[in-house]
Amino acid sequence: MPLPKAQVLFGDSPEAPALSGAEVSRRFDELMKAIDVAPTRTLDASTVTKAFGEGRGIEFTTTAPTTAFEALTKSLEGDVAKAISPDALASVTSALEALKAEQPDLMKDISTTSPIGTGLVAYDLEAPAKMLTPRPTPLRNRLPRRKGVGLAHQFKVISGFTGTATGGVANLHPGIVDSTQSNFAPPGGANGLYYARGPKITYAGYDKTIPYSQFSVSDAVTWSAQYAGQGYQDIRQLSRTSLLYSSMLLEERMLLLGRGTSGRGFLGALTAPTGLTVTARSAAAGETALSGYTTNVYVKVTADAGDFGQSVLSSAANVGVSAGQVVDVTCNLPAGATGVRVYVSTGASDPGDASRYYAGRSGWGTFTLQGALPTTSTPASLITVDTSAYASGYDGILPICTGPDSGYVGRLNAALSTSNPGSEWQTAFAALYDNVKADPDRTLMNGSDRKQLSDSLKASASSNYRMTITQDQLTGVTIGDVVNTIINEVTGKGVAVEVHPWMPQGNAPIISDTLPLPDSEVSDVWAVFNVQDMVGVDWPVSQFMFESSSYWFGALVCYAPAWNAAITGIKKA
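Reading the values: the criteria
- Residues numbered from 1 in each chain as written.
- Predicted model: local features only at pLDDT ≥ 70, side-chain atom pairs only at ≥ 80, totals over all residues.
- Heavy atoms only, no water.
- Phe/Tyr/Trp six-rings, centres within 6.5 Å; stacked < 30°, edge-to-face > 60°.
- Helix = DSSP H or I, 4+ residues; strand = E, 2+ residues; numbered from the N terminus.
- Lys NZ or Arg CZ within 6 Å of the ring centre and 35° of its normal.
- Core = buried A, V, L, I, M, F, W, Y, C linked by side-chain atoms within 4.5 Å.
- Buried < 20%, exposed > 50% of the residue type's maximum accessible area, 1.4 Å probe, protein only.
- Contact = heavy atoms within 4.5 Å.
- Polar contact = N/O pair within 3.5 Å; in protein donor to acceptor, adjacent residues only side chain to side chain.

Remarks on the packing of aromatic side chains
Considering all chains together, one arrives at 11 aromatic pairs under this definition. Between phenylalanine 184 and tyrosine 195, the ring centres sit 6.0 Å apart and the planes meet at 80 degrees, which makes this aromatic pair edge-to-face. With phenylalanine 184 in the loop between β3 (182–183) and β4 (194–195) and tyrosine 195 in strand β4, the pair connects residues that are 11 residues apart, well separated along the chain. Grouped by ring-pair contacts, the aromatic residues Trp223, Tyr227, Phe544 and Phe546 constitute a single cluster. Sitting over the face of the ring of tyrosine 245, arginine 135 holds its NZ or CZ atom 4.2 Å from the ring centroid. The aromatic ring of phenylalanine 546 is capped on one face by arginine 236, whose charged end is 4.0 Å from the ring centroid.

A word on the nonpolar core
Within the largest apolar cluster, 60 residues are counted, with the highest numbers of intra-cluster contacts made by Tyr394, Trp425, Ile510, Trp526 and Leu556. Ignoring anything within four residues of it in the chain, the contact list for leucine 556 reads Leu143, Ile210, Leu255, Tyr394, Asp395, Gly396, Ile397, Trp526, Ala527 and Val528. Counting 23 residues, the second-largest nonpolar core is a separate cluster that includes Val278, Val299, Cys331 and Ala337.

What about the side chain of serine 213?
With respect to the helices and strands, the residue serine 213 is situated in strand β6 (residues 213–215). The exposure class of serine 213 is buried, given its relative accessible area of 3%. Reaching out from serine 213, the side chain makes a polar contact with the backbone nitrogen of glycine 393 at a distance of 3.2 Å. Beyond its immediate chain neighbours, meaning those up to four positions away, serine 213 contacts Arg264, Ala391, Ser392, Gly393, Trp552, Phe553 and Gly554.

Encoded structure:
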C-alpha cells in the first residue's frame, strides 16, 4: 500500500487547514532531529525475554553497565538503595570505592597493560642468543705448532764464528807467507806446537732451554640453567664453544704479551718507572681543564705489561693545580714496558693509595691529566705485588722483540714522523742488517698507530708521495689510503704492515718469519711447541653441574731473537 502523504503525516486534524510546504518541511526536520538523538541500545533475545518476564519495558535512557564496577554501582542506585539504611548505603559505597582502587579489573577492560602491567601478550624472542664476541687469533693461526717432549724445549746455538762478526767473535786477517806459523797446541798443552798454516778460526755459541708451562680455563653449567634453556638454546653447547674460544684468545695474548719469571730463564718482572715528574700548565686547544681537585694532585705510575698486568707502583710525585690547568705526567719506562698506567689522588696532603684511582694508560712516557679526576675506578691500594710476569708462563713475541736479545729496540716517545713517513722503520731495518744481516718479513701494529702511519702520507710533501682518488663510471669518489707495505730501503724487500687486534697502542714489533741464511737449520724463527696441544675435558658429574675445562702444556720458542726488533713509545695521534 502507498505511504501516506506528508500532509497526513505532519498535519493536524482532518478539519484543520492544510499546512504550507514550509511548515511541513519544518516538522519533518524536527522528526529527523528527534530520531538522531533518540537513545539506542543493542538488545539480545535474553534481555528482551527477561524484561517482559519481569513485567517492565525496555530501558533506553541509560547505557547498560560494561564492567563489574558499573553493575554494582547501578544496583546501589536502584532497589538495593531503597532496602537499606542511609548509613549502610554509605558504608557499602565507601567500600566499593576502596575496592575500585585495589582491584582495577573491576573497572578496566583487558588491554596491553591490563589486567597486569606487562600485559597478556606474547614475547617475540628470537633464539638463540647472539654471539657479539670478537675472537681473532692471527698469531695462533699462523705460527707452526710442533710436538714437545718432557718439561722443556732445548736447543744449541752457534751464534758466530770467525768472519761472521756475530756472537762476539772477532775477525782476523787470513793472509800468510811461507814462514807463517800458527800455534795448534791442544788446549792446556805444556809445549806449543807451531805449524806452517793459517790461524785457526774460533766459535761462539750457547745452550737455550725454554721450560714448558701448563694452562687451563674452566666453565660450569648448572642443571637448572641447562634444563630451563631447553627450547631456547643448548646451554652446554654454548659453554663448550665459549670455553674453546676463550682458551684460544688467552693463548693468543700469551703468544703476544706473555712474560715468564726470571727464575725459569725468562725475562722476568718489569721494574717500576723512574724519574716521575708532574707539571701543571694551562690547558691547550682541545684539552679540558682539570676539575674535582683540591690544592694538590698526587700521582703514582706503573709499567704496563699489557693484558696480563703491571709492575709495582712508583713513588709519588705531586704538584699544585690552579683553575684552567692540566697536568703532564712524565716518566722513564723500563725496557719491555708497553706503556705507563697512571693513578691519581688529590688533597692538601697525600690521602694515600686507597684514594688514588686509575686515570688511564699511555703508550709512551707522558700522560696528560685533564677533565674530572677519577673517584670510583681501580684504587692503587690494590696493586700490592707485581703482575707483569708469571711463573706459569713464557715470554711472548712483544717482550722478546723488546728484550735484551732483540736486534733493535727504538723508543720514540713521540708521534710518527710526517716529514719522512716510515723513517722509524728504516732505522730499525738498517740496524738489523748491520747487526746480523736480518731481512724482516712483517711488522705488527695497533690500529690507531697504523692509521697514524697512513695519515702521515697526507701530511708529507706532495712531491714525495702521490695518492690517486678513483671515481667510478657513474658517481661517487673513494677517498683514503692505507700503508700495507714498507719497502726496506736497505735490502729492497717489502715488509708487510699488519694490524694485530690485541696489540697495545704505542708498540710495533718487527718480525722475521724465516732467516735469510742458507743451511741455518731454522725453518721457522717462531714456533709453538706443545707437549699436549689444546684438549677439552668434560668432568664426571659430581654435583648439580656440568663442568668443563681446557688444557694445554707448552711454550713459544724463538730461535733467533736478534733477527727481530721493535719500535715503542709511539705517541697516540
